[in-house]
Amino acid sequence: MKVLGISGSPRKGGNTDIILNEILLGAEESGMETEAVSLRDYTINSCIGCEKCRKALTCSQFNDGMNLIYPKVEEADILITGSPVYNYNITGLMKTFIDRLYPYYTFHGKRPGRYSSRLQDKKREALVFSVCEQIDPKENDFAIEAMSRPFEALGYNIIDKMAIRGYFEKGSVLRDDDLIRKVHSAGIKLSEMK
C-alpha cells in the first residue's frame, strides 16, 4: 500500500509539514510505503476552465508540476492532504492542486448531469487535516470541507478529518506531545484501512 501526503503550506517546516511528516512516519512504521509532496516546490498553474481535459483525460493546457504529481496520485492507495487555514479556507496552493484534479472526472451526457471519477478504479482512502491559529471550530471547519468534498466526489472514502486548532508559531505543534502522539497514531492506523 502506498500513502501520498500533500502539504499545501507555503511555509517550509511549519506546523502543517510537521503534522504531515508525523502521520507519514506512523504509516511507515506500520509497513506502508510513503511519499511527501510539498506543493510549494512545484510550479502549478491555476485551472482556466478550458475543458480540454474532458477529451484529453489529462490537462493538455499546461506542462507544469501537476504532470509530475498526477502519477503519484494515481498510484497512491491513501491520500493525505494538509493545509494551514488562510482566511477560513485552504491555501491557494491546495485549492489549485484540487482544481487541477478535474481531468479525472468523466461527464455522462449533457451538462449539468451525472459524472463519475476515473480514480474510482480501486478503493481509495483519504485523510484531511487543517491547522489553525484560532480555537473556535468555525475558524477552520470550512477548510476541512474544502478538502473533503472534492475528494469524496473523486471517489475517495474520507477516513479521518482532523481540525487542529490553536497553533500558529512555526513548530508550535511540537510542544503538544498529545497531539503528536495522536497524529502519529493516525498514521499507524492507516494500515488497517485496506
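Structure: above.
Scope of this entry: the structure provided in the associated data block. (Residues numbered from 1 in each chain as written. Predicted model: local features only at pLDDT ≥ 70, side-chain atom pairs only at ≥ 80, totals over all residues. Heavy atoms only, no water.)

1. Concerning the overall build of the chain
The test is simple: By definition, any uninterrupted DSSP run of H or I lasting at least four residues is a helix, any uninterrupted run of E lasting at least two residues is a strand, and each is numbered from the N terminus. Here the globule rule reads 2.2 Å times residues to the power 0.38, and the radius of gyration is calculated from C-alpha atoms. Here's how the labels work: a residue is buried when its accessible area is under 20% of the maximum for its type, exposed when over 50%, partly exposed in between, all with a 1.4 Å probe on protein chains only. Contact definition: two residues touch when any of their heavy atoms are within 4.5 Å. Charge assignment: positive for Lys and Arg, negative for Asp and Glu; neither His nor the chain ends contribute. A single reference atom marks each charge: NZ on Lys, CZ on Arg, CG on Asp, CD on Glu.
Helix and strand counts for the chain come out as six helices and seven strands. Counting helices and strands in the order they occur from the N terminus, the chain gives β-α-β-α-α-β-α-β-β-β-α-β-α. Expected size for 194 residues packed as a compact globule is a radius of gyration near 16 Å; at 16 Å, the chain falls within 12% of this value. Projecting the C-alpha coordinates of the chain onto the three principal axes gives extents of approximately 50 × 35 × 30 Å. In the chain, which comprises 194 residues, the proportion classed as buried is 48%. Residue pairs at least 24 apart in sequence account for 76% of intrachain contacts in the chain once pairs closer than 6 positions are excluded. If you average the places of the 27 positive and of the 27 negative side-chain charges in the chain, the two averages end up 8 Å apart.

2. Some thoughts on the pairing of strand β6 (residues 124-132)
In plain terms, the rule: By the convention used here, strands pair only if DSSP detects at least 2 bridges between them. Classification remark: right-handed applies to a crossover when, strands pointing away from the viewer, the course from the first strand over the helix to the second runs clockwise.
Within β6, nine of the nine residues are buried, which leaves the element mostly enclosed by the surrounding structure. Taking every second residue as pointing to the same face, both faces of β6 are buried, with Arg124, Ala126, Val128, Ser130 and Cys132 on one and Glu125, Leu127, Phe129 and Val131 on the other. For strand β3 (residues 78-84) and β6, the ladder comprises seven bridges, and the chain directions are parallel. The residue of β6 that forms the bridge with Ile80 is Leu127. Across nine bridges, the pairing between β6 and strand β7 (residues 156-165) is parallel. Bridge pairing links Val128 to Lys161 in β7. In terms of handedness, the path from β6 via helix α5 (residues 141-153) over to β7 forms a crossover that is right-handed.

3. Points about the layout of surface pockets
Test applied: Here the term cavity refers to a set of points on a 1 Å grid, laid over the protein atoms alone, in which a 1.4 Å probe fits but cannot get out; the term pocket refers to an open set having protein on both sides within 12 Å along at least five of seven lines, with lining residues being those that place an atom within 4 Å of a point. Grid points are joined across faces, edges and corners, and a volume is the space filled by probe spheres set on the points. Each residue gets one of three labels, nonpolar for Ala, Val, Leu, Ile, Met, Phe, Trp, Tyr, Cys and Pro, charged for Asp, Glu, Lys and Arg, and polar for the others, Gly among them.
The volume enclosed by the largest pocket comes to roughly 320 Å³. What lines the largest pocket is a set of 16 residues, and nearest its centre among them are Pro84, Val85, Tyr86, Val131 and Phe168. Grouping the amino acids of the lining of the largest pocket by side-chain chemistry returns eight nonpolar, five polar and three charged.

4. Side note on the environment of Gly65
Within the element layout of this structure, Gly65 appears in the loop between α2 (53-56) and α3 (66-75). Placed 90 residues apart in sequence, Gly65 and Gly155 show a C-alpha to C-alpha distance of 23 Å. Setting aside its immediate chain neighbours within four residues, Gly65 contacts Tyr42, Thr43 and Ile44.

5. What about the pairing of strand β4 (residues 105-108)?
What you see with β4 is a clean split: Tyr105 and Phe107 sit on the buried side and Thr106 and His108 on the side with no burial. Note that β4 and strand β5 (residues 114-117) share four bridges and pair antiparallel. Within β5, the position partnered with Tyr105 by the bridge is Ser117. Connecting the antiparallel pair β4 and β5 is a turn made up of five residues, with Gly109 showing a positive phi of about 80 degrees.

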